[in-house]
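Chain by chain, the residues run as shown.
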Amino acid sequence: MPLILETVVTTLSAEGAMHLVPFGLIRDGEDFVLAPFRPSPTITNLAERPYFCASAPSDVRVIAGIVTGRRDWPVVDCDRIPGKRLADCFGHAEFEVASIAEDETRPRYRGRMVHAQSHVPFIGYNRAQAAVIEAAILSTRLHMLEPEKVLTEMAYHAIAIEKTAGPAEREAWDWIEDKVAAALGRSERVLKDVGRPA
């Protein structure tokens with residue numbers, strides 16, 4: 001199985017409008033592959049500007065926020081490519097698209113790294129941060145999964161939230177719970193009871 005790194009990817013349109021989205025980058029030798037599903041603003045932007053940046057957010061609320069419609073996170077200019085990166089991140093890498101494998105459903109953009117930089121020492125994610133990332137990914141696949149599977153996985157991840165979350169992780173988790181509850185047509189209170197002690 002390939003190594004997949006969970007990042008926040010930014011691209012720019014020809015007019016300079018930024019699109020920011022969580023993406024799993026697929027490691028392939030020295031390169032990284034970006035494989036968005038159609039339709040996607042990322043695909044449109046890459047056709048106009050074949051560059052992308054991947055940031056490792058230092059706050060998991062960024063990932064949870066983006067998948068729940070909260071996209072206004074601070075960014076700064078990239079160093080070597082026409083693009084933006086997260087202002088608050090452990091590090092970032094800048095890529096130029098080296099080749100494209102076209103596909104009707106999911107084209108693959110091979111990114112050649114042109115610059116990478118660390119910004120904050122990375123000690124490691126705790127279990128709650130990992131649970132938020134997993135739940136955020138789960139929340140983007142609600143249309144593909146049975147409700148009971150979603151609830152079972154949320155209940156499992158809720159254990160880590162209860163045991164190891166700080167205020168930021170709990171806020172991120174609440175955003176995702178609200179999204180899942182709305183998608184499943186359940187009340188927020190019912191969903192929040194899943195997997196949590198009375």
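Below is a summary of the structure that appears in this document. Not measured: the values here are computed from a predicted model.

## Comments concerning the sheet that holds strand S7 (residues 89–101)
Line of reasoning, step 1. Spatially, the six strands close up into a barrel ordered S1-S2-S3-S8-S7-S4, and their pairing is antiparallel. The mean inter-strand angle of the sheet, taken between neighbouring strand axes irrespective of direction, is 45 degrees.
Line of reasoning, step 2. Both strand S3 (residues 31–34) and strand S8 (residues 108–118) contribute to a ladder of three bridges, which runs antiparallel. Along S8, the bridge assignment pairs Leu 34 with Tyr 109.

## A closer look at the pattern of salt bridges
Line of reasoning, step 1. The full count for this structure, using the stated rule, is eight salt bridges.
Line of reasoning, step 2. In this structure, Glu 102 and Arg 38 form a salt bridge, with 3.2 Å as the shortest nitrogen-oxygen distance. Placement of Glu 102 in the loop between S7 and S8 and of Arg 38 in the loop between S3 and helix H1 (41–48) is noted, with a sequence separation of 64 residues between them.
Line of reasoning, step 3. The exposure class assigned to Glu 102 is exposed, which follows from its relative accessible area of 57%.
Line of reasoning, step 4. For Arg 38, a relative accessible area of 37% puts it in the partly exposed group.
Line of reasoning, step 5. Glu 171 is paired through a salt bridge with Arg 61; the nearest N and O atoms lie 2.9 Å apart. With a gap of 110 residues between them, Glu 171 in helix H5 (residues 167–184) and Arg 61 in helix H2 (residues 61–67) connect regions that are remote in the sequence.
Line of reasoning, step 6. The exposure class of Arg 61 is partly exposed, given its relative accessible area of 24%.
Line of reasoning, step 7. Here the salt bridges share partners, and the residues they tie into one network are Asp 28, Asp 31, Arg 110 and Arg 112.

About the cut-offs
- Residues numbered from 1 in each chain as written.
- Predicted model: local features only at pLDDT ≥ 70, side-chain atom pairs only at ≥ 80, totals over all residues.
- Heavy atoms only, no water.
- Pairing = 2+ DSSP bridges.
- Helix = DSSP H or I, 4+ residues; strand = E, 2+ residues; numbered from the N terminus.
- Axes fitted to C-alpha atoms, helices over the stretch in contact; angles between N-to-C directions.
- Salt bridge = Lys/Arg side-chain N within 4 Å of Asp/Glu carboxyl O.
- Buried < 20%, exposed > 50% of the residue type's maximum accessible area, 1.4 Å probe, protein only.

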